[in-house]
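An overview of the molecular structure
For reference, the chains in residue letters:
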Amino acid sequence: MASRPVLTAALTALAPISWGTTYAVTTQFLPPDRPLFTGLMRALPAGLVLLALARVLPRGAWWWKSAVLGALNIGAFFPLLFLSAYRLPGGMAAVVGSIGPLFVVGLSALLLGQRPTARSVLTGTVAAFGVSLVVLKAAGALDPVGVLAALASTASMSTGTVLTKRWGRPDGVGPLALTGWQLTAGGLLIAPVAFLVEGAPPALDGRAIGGYLYLALANTAIAYWLWFRGIGRLSATQVTLLGPLSPLTAAVVGWAALGQALSPVQLAGMTLAFGATVFGQIAPRTSPVPVPEVASRGNTVTQRRRRSWPKTPAPAVASRSPHVGAVPAGVPCTVPPPAGRRPTGSGKVGAGSESTG
């Protein structure tokens with residue numbers, strides 16, 4: 001039983017690890033300067049595939065709940081994230097995004113009634129500091145629009161995570177259908193913005209088609225299914241503390257596949273961020289509740305009552321006798337009959353009683 005939360009956290013961690021490969025795939029396989037079209041191609045095809053697999057549509061209030069969650073987790077998050085990445089230098093967007101756990105801690109207090117703990121705040125702060133050591137580079141003045149977009153994207157995803165935890169899922173609906181609803185709603189929200197801002201879709205070659213297939217299926221459909229599945233089984237803070245794995249994966253992929261060097265400071269930051277992520281998955285220990293003394297006495301009494309009886313047979317008891325003056329019920333047969341009464345049966349004492357015992 002104890003291994004189930006560990007397995008759930010490990011599977012959920014595959015989502016941000018997959019998202020960490022987005023930068024490499026985008027720069028190496030996809031057309032340049034098309035962030036909105038890339039977001040559209042990630043969300044809408046993946047959502048339609050999951051809807052076809054789940055074959056379940058929202059009902060009642062879940063139409064607007066799915067639209068809200070789709071806008072927060074996909075429709076608003078993708079464009080804001082790409083906008084901040086294009087306008088901020090040196091990985092600053094990733095640094096702002098790494099403070100997501102702190103957003104979730106505050107929102108969980110407001111929407112879920114979970115009191116912030118020093119443990120969760122400290123873990124989120126250490127994770128954000130570690131990510132900043134990995135991705136932050138020296139740069140000039142920051143673009144205010146980029147900073148606002150980064151903050152808005154982090155707030156959007158954090159709010160969507162907490163609301164997903166608060167609303168749960170309808171009865172009989174699994175995380176596959178819930179993910180399909182959100183991806184489809186988010187993709188439909190991005191589509192008109194992408195066509196208005198970026199115009200017609202670009203021409204795609206084989207590399208671009210392969211890149212978009214990877215982003216739609218592995219990077220979005222499977223990754224978001226694992227993410228929303230984890231939200232349903234872990235706490236919102238635990239899930240969000242897995243987010244720093246995304247920039248850490250991007251740094252590792254850049255080192256391994258793109259030839260980007262890692263300095264000692266970056267390695268130290270990776271160690272801090274990864275340690276905080278792992279520590280955030282460990283549930284805090286709770287002191288055992290002492291058992292009252294009365295309950296222990298009751299258990300002792302119960303154990304005494306359940307003790308087996310001796311195996312040696314008890315002496316026969318005269319229980320039923322139709323004769324007047326017979327041995328009273330419950331008296332051993334070795335006791336002679338009352339004085340003045342004549343024995344029955346063969347004349348031996350207690351013979352009749354033995355036959356009816």
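Look above for the structure.
Here's a quick rundown of the structure.

**Concerning a nonpolar patch on the surface**
On the surface, Val-49, Leu-53, Leu-204, Ile-209, Leu-213 and Leu-217 cluster together into a nonpolar patch covering about 510 Å² of accessible area. Within the residue set of the nonpolar patch, elements represented by two or more residues are α3 (35-54) and α11 (206-233). Among the elements that make up the nonpolar patch, the one with the highest residue count is α11 (three residues). Note that Leu-53 resides in helix α3. Judged by relative accessible area, Leu-53 falls into the exposed class, the value being 58%.

**Re the nonpolar core**
Burial of nonpolar side chains together is a common tendency in soluble globular proteins. Membership of the largest hydrophobic core comes to 28 residues, with the highest contact counts inside it found for Trp-19, Ile-74, Phe-78, Met-157, Leu-183, Tyr-224 and Trp-227. The set of elements that each furnish at least two residues to this core consists of α1 (3-19), α3, α5 (77-87), α10 (175-198) and α11. Discounting chain neighbours no more than four positions away, the residues touching Leu-183 are Ala-43, Leu-44, Ala-46, Gly-47, Leu-50, Ile-74, Thr-220, Ala-221 and Tyr-224. Core analysis: the second largest hydrophobic core is formed by 13 residues, Ala-93, Val-131, Ala-150 and Ala-273 among them.

**Notes on the packing of aromatic side chains**
What the rule picks out here adds up to eight aromatic pairs. Where Trp-62 meets Trp-181, the ring centres are 6.2 Å apart and the plane angle is 50 degrees; that geometry is what we call tilted. On the criterion of sequence distance, the pair formed by Trp-62 in helix α4 (residues 62-75) and Trp-181 in helix α10 is long-range, its members being 119 residues apart. Relative accessible area serves as the criterion here: at 5%, Trp-181 is assigned to the buried category. Look at Phe-77 and Phe-78: their rings are 6.0 Å apart centre to centre, the planes differ by 45 degrees, and that puts the pair in the tilted class. Over the ring of Trp-62 we find Lys-65, and its NZ or CZ is 5.2 Å from the ring centre. Above the plane of the ring of Phe-279 lies Arg-119, whose end atom (NZ or CZ) is 4.2 Å from the centre.

Each value, and the rule that gives it
- Residues numbered from 1 in each chain as written.
- Predicted model: local features only at pLDDT ≥ 70, side-chain atom pairs only at ≥ 80, totals over all residues.
- Heavy atoms only, no water.
- Patch = residues over 30% accessible without salt bridge, like charges linked within 9 Å, V, L, I, M, F, W, Y side chains within 5 Å.
- Areas by Shrake-Rupley, 256 points an atom, 1.4 Å probe, with all protein chains shown as cover.
- Salt bridge = Lys/Arg side-chain N within 4 Å of Asp/Glu carboxyl O.
- Helix = DSSP H or I, 4+ residues; strand = E, 2+ residues; numbered from the N terminus.
- Buried < 20%, exposed > 50% of the residue type's maximum accessible area, 1.4 Å probe, protein only.
- Core = buried A, V, L, I, M, F, W, Y, C linked by side-chain atoms within 4.5 Å.
- Contact = heavy atoms within 4.5 Å.
- Phe/Tyr/Trp six-rings, centres within 6.5 Å; stacked < 30°, edge-to-face > 60°.
- Lys NZ or Arg CZ within 6 Å of the ring centre and 35° of its normal.

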